[in-house]
Amino acid sequence: MQNEPFLEPTSPIAARRTFAVISHPDAGKTTLTEKLLLYGNAIELAGNVRARKNQRATTSDWMEMERERGISITSTVLQFPYRGHIINLLDTPGHQDFSEDTYRTLSAVDCAVMVIDGAKGIEPQTLKLFEVCRKRGIPIFTFINKMDRPSRDPLDLLDEIRNVLGMEPVPMNWPIGDGPQFVGVYDRAENGVYLYERTERNEKIAPEVFVHLDDLVTRGILSEEKYLHLKESVELLDEAGGTFNHEAVLKEKQTPIFFGSALTNFGVRMFLDSFIEFAPPPQPYPSDAGLVSPEDADFTGFIFKIQANMNPKHRDSVAFLRICSGKFQRGMDLLHTPSGKTLKLMRPYKAFANEREIIDEAHPGDVLGLPNNGLFSIGDTLCSGKALQFAPIPRFQPEHFALLRNVDVSKQKQFAKGLGQLESEGAVQVLYNVNAFKREPILAVVGQLQFDVVQARLESEYNVKTELERLTHTNLRWVIGEDKDVENLANRSDIILARDSRNAWAVLFQSPFLLKYYTEKNPDLKFVEITEL
């Protein structure tokens, strides 16, 4: 009964499910991602985030620094088939210092899976990412994780989701116990319980047994007391737990709730089955020519991510393109809207973390990896018919600034190349003080850990050692106006007049007071907080 196959999707577009996994750091996002791959038969054994030497490392965390620190600091593209569907899973950075990369990734998905720690509930980064999803207008599916550890009361968690996120939480299953007593989940749709067994190192699919609710006591699985408590919870759910409404989920009014443990694989299969059944297929995208439907015959897509040196064997740059409409075929002519050039893409990749495979065709919802010789930038549109441009991707406001110095002058060429590559990926924004005696790059980042990433990657990928000098400036604004008016801004230590890599004017201020003062003193200039890629 519980393993009935789904009806085959009617088209390649209907079969696609393109989504991102988001969470606060340490809620278990990367572990859940790995277990979805395990259940999708995309990997044979799952690796823990902080793997022991004799265990496998996590597939989605491919960068050396990610493996060392046990965190995700880049977005990863993973595609695999599952029960007649094609899953495009975009794993996002869990660390809050890399929220800008997450934002760009969320521009390329049709829905999101939000992972919540059952002991902690909604945390600051969860809320921030939820707001990004809300702005994008994408449905959210919620996986309440770590039920194998002592957790908060499930009803309290539901109340928090309702009150804080403003969405109706609808439990699709219900946990039986928590911590060491967590043995399985009750499936509301099937009126029965899935009982699980742990596997060695949690590397393989957890064996599960389905037992009807009324058989739990007679088979000696639950005591009479625990059975009555479960039955009381089930009755309470049926009365007040909300009724699943697919349309309400797609309109972001409801979020389906799944309890489980990604670490022990409990509840993962049930979540994945429900997700592919109810998650939306590829959706329309706004452009300067109106909404682009995935059913449109003309090919369209946009670059949402650029990543260099994913594979040390290749040492190249890859641009990741989300297909929005039409069928992609290798070798087809495509217009690169920003440059007006016609391109023939002969080596498109199907990406799986840092691995790659050339593909001949792809459909809306899929993500292509394109070799990038410097032509592509984040936000670029490619199309086969009439020229159009998809809505631009905003950049986050930088909050931390530092001078970056190349220690070895003989490596200046590599230094410039590496820094240019990292900026093209969106890993950092680079400014130059127009009044400085020596031309040294100023790094502008959202989170301080990005400084570490830039220095580590310059050394490991370009063999360039650097020194960092933090600046005390806290506010950045791009300035729009006549050059002569901008140049008249005071040249003093507490404000820095600079240009970015696109030659746009920017000003760094040491305090909000100075920002307010110069904004009011220069009404002919426009001080802009957010630019677009």
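Please read these numbers as outputs of a predicted model, since none were measured by experiment.

Participant: Before we go on, may I ask you to explain the overall build of the chain in this structure?
Facilitator: Per the secondary structure count, the chain includes 13 helices and 31 strands. Per-residue burial for the chain yields a buried fraction of 57% across its 533 residues.

Participant: Which parts of the structure should I look at to understand the environment of Gly 481?
Facilitator: Relative to the assigned elements, Gly 481 resides in the loop between β28 (475–480) and α12 (483–487). Gly 481 has contacts with Val 486 and Leu 525, leaving out every residue within four places of it along the chain.

Participant: Would you take a moment to explain the nonpolar core for this structure?
Facilitator: One broad rule of soluble globular proteins: the nonpolar side chains tend to lie buried together. Membership of the largest hydrophobic core comes to 109 residues, with the highest contact counts inside it found for Phe 141 and Leu 230. A total of seven residues in this core trace back to one element, the largest contributor, which is helix α9 (residues 268–278). Not counting the four nearest positions on each side in its chain, Leu 230 is found in contact with Trp 174, Ile 176, Tyr 186, Val 193, Leu 213, Leu 216 and Leu 222. If you look at the next biggest cluster of nonpolar residues, it comprises 16 residues, including Ala 427, Val 428, Val 430 and Val 445.

Participant: Where do I start with the packing of helix α2 (residues 29–39) against α9 in this structure?
Facilitator: Two quantities define a packed helix pair, namely the angle between the helix axes and the distance between the axes. As a packed pair, α2 and α9 sit with axes 10 Å apart at the nearest point and diverge in direction by 80 degrees. On the basis of their axis angle, the class for α2 and α9 is roughly perpendicular. Only Val 268, Arg 269, Phe 271 and Leu 272 of α9 make contact with α2, whose side of the interface consists of Leu 32, Lys 35, Leu 36 and Tyr 39. The class makeup of the residues in the contact of α2 with α9 is six nonpolar, no polar and two charged.

Participant: Could you clarify how one ought to interpret the pattern of salt bridges in this entry?
Facilitator: As a working rule, side chains carrying opposite charge can pair if their charged atoms are close by. A complete count under the given rule lists 23 salt bridges for this structure. For Arg 16, the salt bridge goes to Asp 366, with nearest N and O atoms at 2.9 Å. Remark: Asp 366 occurs in the loop between β21 (361–362) and β22 (367–371) and Arg 16 occurs in strand β1 (residues 16–23); sequence separation between them is 350 residues. Given a relative accessible area of 10%, Arg 16 falls into the buried group. For Asp 366, a relative accessible area of 3% translates into the label buried. Close ionic contact of Asp 500 with Arg 502 constitutes a salt bridge, the shortest N to O distance being 3.0 Å. Several salt bridges converge on common partners, so that one network encompasses Arg 83, Glu 208, Arg 269 and Asp 273.

Participant: Could you clarify how one ought to interpret unusual backbone geometry in this entry?
Facilitator: Among all residues save glycine, negative phi is the norm, and among peptide bonds the norm is trans. Positive phi values are uncommon outside glycine, yet Asp 26 reaches one of about 75 degrees. Position of Asp 26 among the secondary structure elements: in the loop between β1 and α2.

Participant: I would appreciate a short explanation of the pairing of strand β29 (residues 495–500) in the present structure.
Facilitator: Both faces of the sheet carry side chains from a regular strand, because those side chains alternate between them. Along β29, six of the six residues are buried, which leaves the element largely enclosed by surrounding structure. Two strands pair when backbone bridges link them, and β29 and strand β30 (residues 505–509) are joined in this way by five bridges, in the antiparallel orientation. Residue pairing across strands places Ile 495 opposite Phe 509, the latter belonging to β30. Between β29 and the antiparallel strand that follows it, β30, lie four residues; Asn 503 among them carries a positive phi value of about 70 degrees.

Participant: How should the packing of helix α10 (residues 412–424) against helix α11 (residues 449–462) be read in this particular structure?
Facilitator: Here α10 crosses α11 at 125 degrees, and the two axes come no closer than 10 Å. With respect to α11, the element α10 is oriented oblique. Considering how the two elements wind past one another, α10 and α11 form a crossing that is right-handed. Facing α10, whose interface residues are Gln 414, Phe 415, Lys 417, Gly 418, Leu 419, Gln 421 and Leu 422, α11 presents Val 454, Arg 457, Leu 458 and Tyr 462. Split into classes, the residues belonging to the contact of α10 with α11 amount to six nonpolar, three polar and two charged.

The rules behind these values
Residues numbered from 1 in each chain as written. Predicted model: local features only at pLDDT ≥ 70, side-chain atom pairs only at ≥ 80, totals over all residues. Heavy atoms only, no water. Helix = DSSP H or I, 4+ residues; strand = E, 2+ residues; numbered from the N terminus. Buried < 20%, exposed > 50% of the residue type's maximum accessible area, 1.4 Å probe, protein only. Contact = heavy atoms within 4.5 Å. Core = buried A, V, L, I, M, F, W, Y, C linked by side-chain atoms within 4.5 Å. Axes fitted to C-alpha atoms, helices over the stretch in contact; angles between N-to-C directions. Parallel < 35°, antiparallel > 145°, perpendicular 65-115°, else oblique. Nonpolar A, V, L, I, M, F, W, Y, C, P; charged D, E, K, R; others polar. Salt bridge = Lys/Arg side-chain N within 4 Å of Asp/Glu carboxyl O. Pairing = 2+ DSSP bridges. Left-handed = near helix turned anticlockwise from the far one by under 90°.

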